[in-house]
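Examining the three-dimensional arrangement
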Amino acid sequence: MADAVVSILLDNLVSLLESEGRQLLEFDDRFEETKEELKYMQSYLKDADQVKIKERNETFKTIMRDLRELVYDAEDVIADCHLLFHKKDKGCAPNFMSYCSPALLKSRHQMGKRLMETNKKIEVVQGKMNSYLQTAPRHTGKDEDGRNMPMTYPILMHEAEMVGLEDDSGKVRNWILKADGPSTIVGIVGMGGIGKTTLAQKICHSESVKKSFNHLVFVTVSQSFKLDELLKKMLKKLDVEEESLRGKDVEELLESLNRKLDAKYLVALDDVWETNKGMWWDSLKSGLPRVEGSCIIVTTRNEEVAKSMGAAGRHIHYPQTLSNEDSWSLFSKIAFARTGGKCTNPDLEGLGKQIVARCGGLPLAIKVVGGMMVGKSDSIHEWRRISEHLKEELGIDEKDELIISRLELSYEELPTHLKPCFLCFAMFPEDFEIDVENMVNWWIGEGFVWGRNGKTAFEIGEECLSELFNRFLILGVVKDTFERSYVWCKMHDMVRDMVIRIAREESFFVRLDWGGSPAFSERSRRLGIVGNTAVESIGNSTTSLRALVGVSIQNKEMITSLKTILCKVRWLRVLSLSLSYTNLDVVCSDWLGGIGSLQHLVYLNIESSSALISLPDSIGNLRNLRILRLWLCPNLKRLPVSITTLEKLTAIQIDFQSLECMPEGLGKLSNLERLGWFSPVNKNGSGISELKSLTKLRELRMEMKSVEEIEEGEWNVLSMLQHLQILWLKFGEISVERDGIVKKIEGELSPLKSLKELYIWNWRGERTPAWLSPTSLPTLQFLEIWRGGIREMGPRFWDSESGVWKVEVLVLGRLPWMEEEWQRMRRAMPSLRLLKVRNCPKLKLFPFDVTVDIWKWKIWRREEEDSGLLLKGAAEEEEEEEEAGMYAHAFPTAFLAQISSGNLSCPDKHHKCHVCCVWTQY
């Protein structure tokens, strides 16, 4: 398959030359020659990709490497020319005399020379392609320039995960619930991809298990863990604040763990590889108190590991590969998601079952291949091609290699625009939880995704993420409040092994802890730094870097080396650095002083730097900067005024805990699409009135810290933001100013016709503001009201004269005085499909008891009401009785009366249910 990054870069270069070619041609007519040759190569790669040849010969791979370097060189030349001709002189475009200045003439000569050299290289590579490679067939398929959009129909992840697990989970759950000794150890042993983690999670999430244990901790151990980090993860699962764990050694952490596990507990240690590494298990075991009935689950690929940790033979479970029936069921739920998991084309069913059979009953392989097929058409030819492709690997005996071969095919079948996005995941350590917002920003920074067809680059990036989720190539970890999308994700270790292998082959990325030859390093344009990796000599390869990504940087030597590197990386597009400890902050501000030289930088991200107080004024030199993200920098109070000159800036993402205000002149950033957090001020900063110039804003996060910072009538500025889709409003802890804030913000807003999401935090009034109505917010789909003194919704909230609410998800949290009634809420919001409530004990007749466990989320979903079901699997009889009692405790008395009278029954005649219920409590 053709190099994915080369294809994307070629597309970008051709688009740039076509859109700005007239300006560049005035500089040198060689650009026309460059454009035509690049378009030829672009067409060739699209033709070659249509062939779908799995194994390319060495000649092809060598030419692709040369082509990759050539495209990077061309991109550098064009980027420098672009920068030269968009350079400003005291805020004005260069005039005729400035174009004839000696400095510019010299630059023009140097650019022309570089361009001539690039064109000669193009001729050489083109000659090799013609001489050594057979011409690929003409490109007749759909032009990928249109970028096939990801699937918008849902894949029922929960249903897919449950296939074939009922008997296994019941068996292991019984071992756990009947454990009568102190700290019984249960092992789940099997090969990679067999479903060990899924099984352990299903068991831990079952209601009977959650009810039986006072504490439940699920952590991944992985190959390259450190005991202190593992202990910190366990303690955070037990609600210990991260700040209190900093600086503690292993002994102190073990003591804390021992104290926290003060009652019956269940600990799940997922993906354990060995026990003799530093004798970690002996140390951890000493921190686990011997409490009667407690249990430890261990998942591992090695039976000896489970036994060495104390699992008796009778308490070791070996998951088996799925039966043909279950394999087809799992595949169908994914591949035929558009039609509710049913294959509606009989001609495809036979081919589909052949594909499933070649996955060997391995759940991971079936999920990934199913995710690959969900984006395919119903073409018999296409399905047959995939089936034959899989057939090539039938002779492989090793199951791990079988999965890897299926995973590599899933990469090969990705649309071209998704391949470089997926390769970025090679950067992150094993079991690392990845911030999806940061990942999308990286893709935008490198030009892997961009806005088109009326959608912003951020929206296209989120769609790319969704497609990778749907293909099971990345796994969700934490969802957003509204349960629509994931904010954190990770990779299965076998998928990670595969993506690292491909990233190496394509010289996509180098991580310092990977090792590798200098030749390999010199070809890569992306450098990763993880943890406390020692920095060794990496030659001159850093001068050509496009992305420099650091994760959990832990030593000063690394920062010092970065200071040197930043002086060389003139073509850097992405700089994303996450520090780990505060003792690194001392050097942080030092190296940031030279950041102004990175004139091609598109994305700048700095995380977890408590001593970052300000950015240098030279940040105003970053004319191509589009995204600025400063996260978890609690002492960053101000941004330099020079930031208001960055005309290409589309996103400022800063957490609300730090920034006092935005600099005066924010309204000049007319291309801003995302802004947060914005704290309006009337002096020495930007006020609300500056927002009226930001007409492209789609997301705004705003914190009102003082009533004095809002002028009379200023609030209606929000009505001018007609493209606004997401709005966060946070009101400071200013109870003494409650009446003033309410008066200034209470007024009506003109309809915000595009607003889809609204978050209101700490509203000071006893009623919701008047503009919180279906009239002012006619397209609102998601509403969260969090914390405050609200006792009831305002009269306009129930206004139905101009239509009812379109809200689908409602979240109410920490509203101890709110007294609204459920039936009234349902009538006002007929489209409601998800309700989440926490610490609202005065709500009336809601579908769960709001006075029990007020600090836990109570959740209602409409699909449960529609189905009329709360089904339980084939669990043992005694467990059904136990769970029936639990459900009875959770439901309102009036509803239980309906059950007793027989007014509610189970529509599914094949299940024997003690309680069939439309309401449930989580």
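Before reading on, note that the structure itself is shown above.
What this report covers is the structure whose coordinates are included nearby. (Residues numbered from 1 in each chain as written. Predicted model: local features only at pLDDT ≥ 70, side-chain atom pairs only at ≥ 80, totals over all residues. Heavy atoms only, no water.)

Moving on: the overall build of the protein chain. For the protein chain, the count of helices and strands is 30 helices and 23 strands. Per-residue burial for the protein chain yields a buried fraction of 55% across its 922 residues. Put simply, the protein chain shows about 39500 Å² of open surface, and 49% of that area lies on carbon and sulfur atoms. (Helix = DSSP H or I, 4+ residues; strand = E, 2+ residues; numbered from the N terminus. Buried < 20%, exposed > 50% of the residue type's maximum accessible area, 1.4 Å probe, protein only. Areas by Shrake-Rupley, 256 points an atom, 1.4 Å probe, with all protein chains shown as cover.)

Our next topic: the packing of aromatic side chains. Throughout the structure, instances matching the rule amount to 29 aromatic pairs. Considering the side-chain rings of W442 and F509, the 5.7 Å spacing of their centres and the 70° angle between planes classify their relative orientation as edge-to-face. Of this pair, W442 sits in helix α20 (residues 436-446) while F509 is found in the loop between α22 (493-505) and β9 (510-511), placing the two residues 67 residues apart along the sequence. A relative accessible area of 3% places W442 in the buried class. Ring centres of F482 and F782 lie 5.1 Å apart, and the angle between their planes is 20°; this geometry places the pair in the stacked category. Remark: F782 occurs in strand β20 (residues 782-788) and F482 occurs in the loop between β7 (475-479) and β8 (486-490); sequence separation between them is 300 residues. With relative accessibility at 1%, the residue F482 sits in the buried group. Among the residues examined, F782 registers a relative accessible area of 6% and is labelled buried. (Phe/Tyr/Trp six-rings, centres within 6.5 Å; stacked < 30°, edge-to-face > 60°.)

Moving on: the sheet that holds strand β5 (residues 316-317). As a general point, the strands of a sheet are linked pairwise by backbone hydrogen bonds and lie either parallel or antiparallel. Pairing within the open sheet is parallel, and its five strands lie in the order β2-β3-β4-β1-β5. Looking at strand neighbours, the two that pair on one side only are β2 (215-220) and β5, the edges of this open sheet. Contacting β2 and β3 (265-272), helix α10 (residues 227-237) runs over the sheet at an angle of about 145° to β2. (Pairing = 2+ DSSP bridges. Contact = heavy atoms within 4.5 Å. Axes fitted to C-alpha atoms, helices over the stretch in contact; angles between N-to-C directions.)

What follows covers helix α14 (residues 324-335). When the terminal C-alpha atoms of α14 are compared, their 16 Å separation across twelve residues agrees well with the 16 Å that a helix rising 1.5 Å per residue should span. Where α14 is concerned, the buried positions are S327, W328, L330, F331, S332, I334 and A335. (Expected span 1.5 Å × (residues − 1).)

Here we take up the pairing of β8. Note that strand β6 (residues 434-435) and β8 share two bridges and pair antiparallel. Pairing of I434 across the sheet is with C489, part of β8. Hairpin connection, β7 to β8: the antiparallel pair is bridged by six residues, and E483 has positive phi, about 60°.

In space, the three strands of this open sheet follow the order β6-β8-β7, with antiparallel pairing throughout. Each edge of the open sheet is held by one strand with a lone partner, namely β6 and β7.

The next subject is the nonpolar core. In this structure, L675, L691, L700 and L758 are the most contacted members of the largest nonpolar core, which totals 98 residues. Looking at this core, the element that brings in the most residues is helix α24 (residues 556-566), giving five residues. Leaving out residues up to four positions away in the same chain, L675 has contacts with I652, M662, L666, L691, L694, L697, E699, L700 and R701. Counting 79 residues, the second-largest nonpolar core is a separate cluster that includes L330, I355, F458 and A503. (Core = buried A, V, L, I, M, F, W, Y, C linked by side-chain atoms within 4.5 Å.)

Quick look at the pattern of salt bridges now. Overall, the coordinates contain 28 salt bridges when judged by the stated rule. For the salt bridge of R385 with E382, the shortest nitrogen-to-oxygen distance reads 2.9 Å. Placement of the pair is R385 and E382 together in helix α17 (residues 380-391), with a separation of three residues, close to one helical turn. Of the two residues, R385 and E382, both sit in the buried class. Across the pair E413 and R385 runs a salt bridge, and its minimum N-O distance is 2.9 Å. Of this pair, E413 sits in the loop between α18 (399-412) and α19 (419-423) while R385 sits in helix α17, and the two are 28 residues apart along the sequence. We note that E413, like R385, is buried. Where salt bridges share partners, they join D435, E437, E607 and R629 into one cluster. (Salt bridge = Lys/Arg side-chain N within 4 Å of Asp/Glu carboxyl O.)

So, about the environment of E382. When near neighbours in sequence (up to four residues on either side) are disregarded, E382 contacts K376 and E413. Polar contacts involving the side chain of E382 include one to the side chain of R385, which spans 2.9 Å. (Polar contact = N/O pair within 3.5 Å; in protein donor to acceptor, adjacent residues only side chain to side chain.)

Moving on, we come to unusual backbone geometry. The omega torsion of the bond from G676 to W677 falls at -10°, within 30 degrees of zero and hence cis. Checked against the element boundaries, W677 lands in strand β16 (residues 674-678). One non-glycine residue with positive phi stands out, namely E483, at about 60°. Summarising the element assignment, E483 is placed in the loop between β7 and β8.

The next subject is a nonpolar patch on the surface. Among the surface-exposed residues, V478, V487 and W488 lie close enough to one another that they form a single nonpolar patch of about 210 Å² accessible area. Tracing the sequence through the fold places V487 in strand β8. (Patch = residues over 30% accessible without salt bridge, like charges linked within 9 Å, V, L, I, M, F, W, Y side chains within 5 Å.)

It is worth spelling out the packing of α20 against helix α21 (residues 457-470) at this point. Two quantities define a packed helix pair, namely the angle between the axes and the distance from one axis to the other. Where α20 meets α21, the axes come as close as 9 Å, and the angle between the chain directions of the two elements is 115°. Handedness of the α20/α21 crossing: right-handed. On α21, the residues touching V436, V440, N441, W443 and I444 of α20 are A457, F458, G461, E462, C464, L465 and L468. Taken together, the residues that form the contact of α20 with α21 break down as nine nonpolar, two polar and one charged. (Left-handed = near helix turned anticlockwise from the far one by under 90°. Nonpolar A, V, L, I, M, F, W, Y, C, P; charged D, E, K, R; others polar.)

Glancing now at a negative patch on the surface. Among the surface-exposed residues, D249, E251, E252 and E255 lie close enough to one another that they form a single negatively charged patch. Tracing the backbone shows E255 in helix α11 (residues 250-260). (Lys, Arg positive; Asp, Glu negative; His and termini not counted. Charge placed at Lys NZ, Arg CZ, Asp CG, Glu CD.)

Quick look at the state of the cysteines now. Across all of its chains, the model carries zero disulfides by this definition. The structure places no disulfide on C204, whose sulfur is separated from the nearest cysteine sulfur, that of C295, by 9.2 Å. For C204, a relative accessible area of 2% puts it in the buried group. (Disulfide = S-S within 2.5 Å.)

Take the environment of E714 next. By the element assignment, E714 lies in the loop between β17 (699-704) and β18 (726-731). Look at E714 and you get buried, because its relative accessible area is 10%. Expressed as a C-alpha distance, the spacing of E714 and I688, which sit 26 residues apart in the sequence, is 6.6 Å. Ignoring anything within four residues of it in the chain, the contact list for E714 reads N682, I688, S689 and E709.

Once that is clear, we can look at the pairing of strand β15 (residues 651-654). Side-chain alternation along β15 places A651 and Q653 on one buried face and I652 and I654 on a second face that is also buried. Two elements, strand β14 (residues 627-631) and β15, share four bridges in a ladder whose sense is parallel. Within the sheet, the bridge partner assigned to L628 lies in β15 and is I652. Pairing of β15 with β16, which is carried by three bridges, proceeds in the parallel orientation. Paired with A651 across the strands is R674, a residue of β16.

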